[in-house]
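So the chains spell out like this:
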Amino acid sequence: MAGCRFLVVSVLVVGLLSVLAQGLGVNWGTMASHPLPPKIVVQLLKDNGINTVKIFDADSSTMKALAGSDIEVMVAIPNNMLRTMTDYGAARDWVKTNVTRYNFEGGVNIKYVAVGNEPFLSSYNGSFLNVTFPALKNIQNALNDAGVGGSIKATVPLNADVYNSPESNPVPSAGRFRTDISDLMTEIVQFLNQSGAPFTVNIYPFLSLYGNPNFPVEFAFFDGGSDPVVDNGIQYTNVFDANFDTLVSALKGVGLGDLPIIVGEVGWPTDGDKNAKASYAQRFYDGLLKRLAANHGTPLRPNQYIEVYLFSLIDEDAKSVQPGNFERHWGVLKYDGQPKYNMDLSGQGQAKTLVPAKDVKYLPKKWCVFDPNGGGNVSTLGDQITFACTWSDCTALGYGSTCNGLDGNGNASFAFNMYYQVQNHQELSCNFQGLATETTQDPSTADCNFTIQIATSATDASMKPLLVVFMMYAYVVALLLL
């Protein structure tokens, strides 16, 4: 999603694995308090037959892990760097540092550069309107001048809000680029066509359902039974097809209806909203993967290969929840790389699941829970919960979420434990003014999991004194503000 970093992953056939759905990909976000080590993730990708990956920056630790893997990579430039890239010298230096630096035998197999991420979102109030296209041109020109522009292309991942159909005729064939950016989008599309780059768009059927309480639930899925939308005799039975073809019509409107399209993000979250649940996610992916395997295409591009990237690979507990609590739960894998549900990447409908991450190391099996007999002032419990949730992820407690059924004591325990895990079980992180205590008894319920976080480099002994000081400082400051 906008403003976040992630990896986009394509899936191909590896060894004796069954044939995977053509054009399949997955985004791998890295905004987590305890991200899996890059080497573990690279092995995870290999184990699942995934051989193309996109990162929404050019983080050196990730690039080093990818070196020599032969995995195709799309590196990216975050939105906050777009203005800098309007200077050609800066663009040239960026390409040298993040692209050609790795362009050697046994290096990183870079295929695309993503210039920004959803920079024209309406919510950005035009912040990137004047810098995105110049940055795109400079990056592609820098790639050309470096001698790699023939094989590495610059593109701009865009949200589906850059196009729409008028309210008076809300059908795909009436699709046009948003009026306030129509001229700019025309220039960008023409440049992509000239440079041989694809149009990259993010489509989210879940958000259609989330943003409109009257949206027909069945229309969000590929096997739904909702009434179709009829457009000049064409029947649309799901919102993905309708959205995709609205873009095709918008491209036709500027004379480039055959421009290749990559669906950079599409997926379904599993927590943080009443419609964000594993059963819906499994149903959505099952329908999507079967269509991809069959090269079904859409009504305006029938029987065609569509390159699609699922969003996302792993849950991210440090993402912004401004769009909604579901933002931290898009992964097809849990925070530790373990599968959430059966998922057959071949699109054949088999009862299979993803290969889990290997060699994951966890913190000790200890939890932090509310202690009503600990001598603390229970009248401050609400403030203590607020503090814990401010510095950790309590989105599973929200309405319609997996931990929504806990009682008051359970809510406190969940919040305390999330903070305790984020703080790597450090001293005083399970105190909360005498309202909490450590336990080796798992407080999880059938529906609600109390996390044991993974151990990362941040928990090394050399870092422990620094973490303790920082945690104590943050804790004291927060208490003073209560």
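Below: a short report on this structure. Note that the structure is a prediction, hence the values are computed from the model and not measured.

1. Things to note about the pairing of strand 13 (residues 261-266)
And step 1. Most of strand 13 sits inside the fold, with six of its six residues counted as buried.
And step 2. Pairing analysis gives four bridges linking strand 10 (residues 199-202) to strand 13, with the strands arranged parallel. By the bridge assignment, Phe199 is partnered in strand 13 with Ile261.
And step 3. Relative to strand 16 (residues 307-311), strand 13 is paired through three bridges, and the arrangement is parallel. Bridge assignment links Ile262 to a residue of strand 16, and that residue is Glu307.

2. Focus: the pattern of salt bridges
And step 1. Overall, the coordinates contain 12 salt bridges when judged by the stated rule.
And step 2. One salt bridge in this structure joins Glu72 and Lys111, with 3.7 Å as the shortest N-O distance. Within this pair, whereas Glu72 is found in strand 4 (residues 72-77), its partner Lys111 is found in strand 5 (residues 109-115), the two being separated by 39 residues in sequence.
And step 3. A salt bridge links Asp393 to Arg328; the nearest nitrogen and oxygen atoms lie 3.1 Å apart. Of this pair, Asp393 sits in the loop between helix 9 (381-390) and helix 10 (408-422) while Arg328 sits in the loop between strand 16 and strand 17 (367-370), and the two are 65 residues apart along the sequence. For the residue pair Asp393 and Arg328, the accessibility class agrees, reading buried in each case.
And step 4. Linked by salt bridges that have partners in common, Asp161, Arg178 and Asp180 make up one network.

3. Examining the pairing of strand 2 (residues 24-29)
And step 1. In terms of residue burial, strand 2 counts as a mostly covered element, since six of its six residues are buried.
And step 2. Burial along strand 2 is two-sided: Leu24, Val26 and Trp28 and Gly25, Asn27 and Gly29, pointing in opposite directions, are all buried.
And step 3. As judged from the four bridges shared by strand 2 and strand 16, these two strands associate in the parallel manner. Its bridge partner lying in strand 16, Gly25 is registered against Tyr309.

4. Notes on the packing of helix 9 against helix 10
And step 1. The geometry of helix 9 relative to helix 10 is characterised by a closest axis approach of 8 Å and an angle of 40° between their N-to-C directions. Classified by the interaxial angle, the pair formed by helix 9 and helix 10 is oblique. Classified by chirality, the crossing of helix 10 by helix 9 is left-handed. Touching Leu381, Gln384, Ile385, Phe387, Ala388 and Cys389 of helix 9 are Ala412, Ala415, Phe416 and Tyr419, all from helix 10.

5. Examining helix 9
And step 1. Listing the buried residues of helix 9 in full gives Leu381, Gln384, Ile385, Phe387 and Ala388. Projected down its long axis, helix 9 carries its buried residues within an arc of 160°, all on one side.

6. Details of helix 10
And step 1. Here helix 10 spans 22 Å end to end across 15 residues, near enough to the 21 Å set by a 1.5 Å rise per residue.
And step 2. Where burial is concerned, most of helix 10 is hidden: 12 out of the 15 residues are buried.
And step 3. For helix 10, the full list of buried residues reads Gly410, Ala412, Ser413, Phe414, Ala415, Phe416, Asn417, Met418, Tyr419, Tyr420, Gln421 and Val422.

7. So, the environment of Ile71
And step 1. Within the secondary structure, Ile71 is located in the loop between helix 2 (60-66) and strand 4.
And step 2. Each C-alpha atom, one on Ile71 and one on Asn109, is 6.2 Å from the other, the two residues being 38 residues apart in sequence.
And step 3. If near-sequence neighbours (up to four positions away) are discounted, Ile71 is found in contact with Val42, Leu45, Lys46, Ile50, Asn51, Thr52, Val53, Leu66 and Asn109.

8. What to know about the packing of aromatic side chains
And step 1. A full pass over the atoms with the stated rule returns 26 aromatic pairs.
And step 2. Ring geometry for Phe206 and Tyr210: centres 5.9 Å apart, planes at 20°, overall stacked. Taken as a pair, Phe206 and Tyr210 lie in helix 6 (residues 205-211) at a separation of four residues, close to a single helical turn.
And step 3. Take Phe206: its relative accessible area is 0%, and that puts it in the buried class.
And step 4. Note that Lys277 overlies the ring of Tyr280, its terminal NZ or CZ placed 4.5 Å from the centroid.

9. Concerning the packing of helix 3 (residues 88-98) against helix 4 (residues 132-145)
And step 1. Orientation of helix 3 relative to helix 4, taken along the N-to-C sense of each, is 55°, at an axis distance of 9 Å. Compared by their axis directions, helix 3 and helix 4 come out oblique. Crossing geometry of helix 3 relative to helix 4 is assigned as right-handed. Residue-level contacts link Tyr88, Ala91, Arg92, Trp94 and Val95 of helix 3 to Asn138, Ile139, Asn141, Ala142, Leu143 and Asp145 of helix 4.

10. A closer look at the state of the cysteines
And step 1. The tally for this structure, following the rule as stated, stands at three disulfides.
And step 2. Paired through a disulfide, Cys389 and Cys394 show a sulfur-sulfur distance of 2.2 Å. Here the S-S torsion is close to -85°, and the disulfide linking Cys389 with Cys394 is therefore left-handed.
And step 3. Put simply, Cys403 and Cys448 are joined by a disulfide, and their sulfur atoms are 2.0 Å apart. Its S-S torsion of approximately 90° makes the covalent link between Cys403 and Cys448 right-handed.

11. Observations concerning the environment of Lys340
And step 1. Locating Lys340 in the fold gives a position in the loop between strand 16 and strand 17.
And step 2. Along the backbone, Lys340 and Thr353 are 13 residues apart, and their C-alpha atoms lie at a distance of 8.6 Å.
And step 3. Residues in contact with Lys340, not counting those within four places in the same chain, are Thr270, Asp315, His329, Gly331, Val332, Leu333 and Lys334.
And step 4. Within the structure, the side chain of Lys340 is placed 2.8 Å from the backbone oxygen of Gly331, a separation counted as a polar contact.

Cut-off values and rules
- Residues numbered from 1 in each chain as written.
- Predicted model: local features only at pLDDT ≥ 70, side-chain atom pairs only at ≥ 80, totals over all residues.
- Heavy atoms only, no water.
- Buried < 20%, exposed > 50% of the residue type's maximum accessible area, 1.4 Å probe, protein only.
- Helix = DSSP H or I, 4+ residues; strand = E, 2+ residues; numbered from the N terminus.
- Pairing = 2+ DSSP bridges.
- Salt bridge = Lys/Arg side-chain N within 4 Å of Asp/Glu carboxyl O.
- Axes fitted to C-alpha atoms, helices over the stretch in contact; angles between N-to-C directions.
- Parallel < 35°, antiparallel > 145°, perpendicular 65-115°, else oblique.
- Left-handed = near helix turned anticlockwise from the far one by under 90°.
- Contact = heavy atoms within 4.5 Å.
- Arc of directions from axis to C-beta.
- Expected span 1.5 Å × (residues − 1).
- Phe/Tyr/Trp six-rings, centres within 6.5 Å; stacked < 30°, edge-to-face > 60°.
- Lys NZ or Arg CZ within 6 Å of the ring centre and 35° of its normal.
- Disulfide = S-S within 2.5 Å.
- Polar contact = N/O pair within 3.5 Å; in protein donor to acceptor, adjacent residues only side chain to side chain.

As far as function goes, none of this settles anything; it's purely spatial.
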